[in-house]
Structure formats: C-alpha cells, structure tokens
Amino acid sequence: MTFLLVFIFVGIGIIILTFEKFKWLIIISVLIFILYLIYRYKKEKNKFKSVNTSFTELCLPIIKEINGYKKIIFKNDYIILISEYGVFIIYVINKTGIVSGNIKSNILTLSYGKTKFYIPNIFLEQDRLLLKYQALIEYTIEKYIITSNDCDVTIPFENISKYKLFLNDFKRKYKNKKLNESEINKLYEIIYNVNFCQKT
C-alpha cells in the first residue's frame, strides 16, 4: 500500500510537469483515487471476523435440533454436547477467510485475499479441552468443529462442517444411540461441575 502511494505521488509530479495546464484537475482526480484506495483497504481489512460468543450462541439452535434427549453446555467459543449419540466438544470458528497450517503447530494462518493473520491453533486448544474433560469420565469424547459459512479450513480434520451444513452432516454420521437419559444427566453434572459454564 505504501509503495503504491509513493508511486502515485511520483507519477503526479511527472504528469503536472508535463501537463501544467490541467494540473488542478489532475491533482483532484488523483486525490479522489487515493481516497478510494484507502476505503477499499479498510473495507478488506474489516472483513476479518474474530471468534466471539455471539456466534457460539447462534450455533445453539441448530445443535438443539439434533434428535433425542440431550444436554448442552457452552463457554466462550466451544460447546459441549451430551446426547444420545455421544459426548462432543464442538469448537466454533467465526472467521472470514482460509485457515491453513500444520495441525501440530502452535500458530495457524488466516488468509483473506492477499492479507494474512496468525491465529492460535484451534485444534490444539480443542485437544487441551478434550484432555481436561476426558479425565473426568470413562466415556470417549469426540471432537467437532463448526465454522462460519465464509470460512474454509484446509487442514485435514474428520469432523468439521460449515454452519449451514452442520445439522445434516451430524445426522448423517451419527445415527446409532449410545447413551440413555440417566447416563446423559450423570455425565452432564460431572462435566458442568468442573468450572463455571453457561448451560441450557
């Protein structure tokens, strides 16, 4: 961006020296063009969305549509689903762009066009949560990731769906019931009591 502006100003000087008669028209036109470039740059930058609780809450209605008895706990950017189909730590990614990198690295890359940001590895964060809760119960906890519709993750991961596809993907994959109501309630109380979470 800086290089482009320097190039433009040098060009202005050359043009004014060549066409001095139209110098004010040229200057005004170039200034309008520069303002447009600044506007576009800010608009592109603002397209990046950070993870936030509101998107986690937005995911709750579709998770509640999963068939059968269930309990849901949510905190920050993840949701714990305890259902007839199993126990899941569902991590929520509300970002626009492409997430790439090494699944074992501490940092991942978020790209939008030519702009890049570095973000904490969401997969490692999910693994740490899994170990935390898995130590409390004997039942195997599974991992799932829901992304916003504008987010693409290039890292291979078995259970990942865009927001609009999650419900159909989940129902297609998990058809066999594994837990009854009593077991779900017991697991729910154990996991909830680990620390303060919001529950539904």
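Residues numbered from 1 in each chain as written. Predicted model: local features only at pLDDT ≥ 70, side-chain atom pairs only at ≥ 80, totals over all residues. Heavy atoms only, no water.

Looking now at the sheet that holds strand E8 (residues 151–153). Sheet architecture is open: four strands sit in the order E6-E5-E4-E8, paired in mixed fashion. Strands with a single pairing partner mark the edges of an open sheet, and in this sheet they are strand E6 (115–120) and E8. Pairs of neighbouring strands in the sheet enclose a mean axial angle of 25°, with direction left out of account. Pairing of strand E4 (residues 97–100) with strand E5 (residues 107–112), which is carried by three bridges, proceeds in the antiparallel orientation. Within E5, the residue paired with Val99 across the bridge is Leu110. (Pairing = 2+ DSSP bridges. Helix = DSSP H or I, 4+ residues; strand = E, 2+ residues; numbered from the N terminus. Axes fitted to C-alpha atoms, helices over the stretch in contact; angles between N-to-C directions.)

Another point: the pairing of strand E1 (residues 70–75). In this structure, E1 lies alongside strand E2 (residues 78–83), joined through six bridges in antiparallel fashion. Counterpart to Ile72 in the pairing with E2 is Leu81. Linkage of E1 to E2, two consecutive antiparallel strands, is achieved through a turn of two residues, within which Asn76 is found at a positive phi near 55°.

Attention now goes to a nonpolar patch on the surface. On the surface, Leu136, Ile190 and Val194 cluster together to form a nonpolar patch covering roughly 190 Å² of accessible area. You can see Ile190 is positioned in helix H6 (residues 181–192). Among the residues examined, Ile190 registers a relative accessible area of 32% and is labelled partly exposed. (Patch = residues over 30% accessible without salt bridge, like charges linked within 9 Å, V, L, I, M, F, W, Y side chains within 5 Å. Areas by Shrake-Rupley, 256 points an atom, 1.4 Å probe, with all protein chains shown as cover. Salt bridge = Lys/Arg side-chain N within 4 Å of Asp/Glu carboxyl O. Buried < 20%, exposed > 50% of the residue type's maximum accessible area, 1.4 Å probe, protein only.)

Turning our eyes to something else, we now look at the nonpolar core. Counting residues in each nonpolar core, the largest one holds 29 residues, and the members touching the most others are Ile80, Ile82, Val87, Tyr133 and Ile191. Listed by contribution, the elements that provide at least two residues to this core are E2, strand E3 (86–93), E5, helix H4 (122–134), strand E7 (141–147) and H6. Membership of the second largest hydrophobic core comes to 20 residues, among which are Leu81, Phe88, Ile146 and Phe166. (Core = buried A, V, L, I, M, F, W, Y, C linked by side-chain atoms within 4.5 Å.)

Another point: the pairing of E5. For a regular strand, side chains alternate in direction, first toward one face of the sheet and then toward the other. Here E4 folds back onto E5, and the loop between the two strands holds six residues, one of which, Gly101, carries a positive phi near 135°. Across six bridges, E5 lies against E6 in antiparallel orientation. Counted as the bridge partner of Ser111 is Lys116 from E6.

Per the stated rule, a full pass over the model turns up eight aromatic pairs. Judged by centre distance (4.8 Å) and plane angle (75°), the rings of Phe88 and Tyr174 are edge-to-face. Of this pair, Phe88 sits in strand E3 while Tyr174 is found in the loop between helix H5 (166–173) and H6, placing the two residues 86 residues apart along the sequence. Comparing Phe88 with Tyr174 shows no difference in burial state: the two are buried. Centroid distance Phe170 to Tyr174: 4.8 Å. Interplanar angle 35°. Geometry classified as tilted. In this pair, the class of Phe170 matches that of Tyr174, namely buried. Cluster of aromatic residues (ring-pair linked, three or more members): Phe88, Tyr144, Phe166, Phe170 and Tyr174. (Phe/Tyr/Trp six-rings, centres within 6.5 Å; stacked < 30°, edge-to-face > 60°.)

Moving on: H4. Residues lying three or four places apart along an α-helix face the same way, a consequence of the helix completing one turn every 3.6 residues. Taking 1.5 Å as the rise per residue, H4 with 13 residues should run 18 Å; its terminal C-alpha atoms sit 18 Å apart, in good agreement. Of the residues making up H4, those classed as buried are Ile122, Phe123, Leu124, Gln126, Leu129, Leu130 and Tyr133. Backbone nitrogen of Phe123 and a side-chain oxygen of the N-cap are separated by 2.8 Å at the start of H4; the cap is Asn121. (Expected span 1.5 Å × (residues − 1). Polar contact = N/O pair within 3.5 Å; in protein donor to acceptor, adjacent residues only side chain to side chain.)

By themselves these figures say nothing about function.
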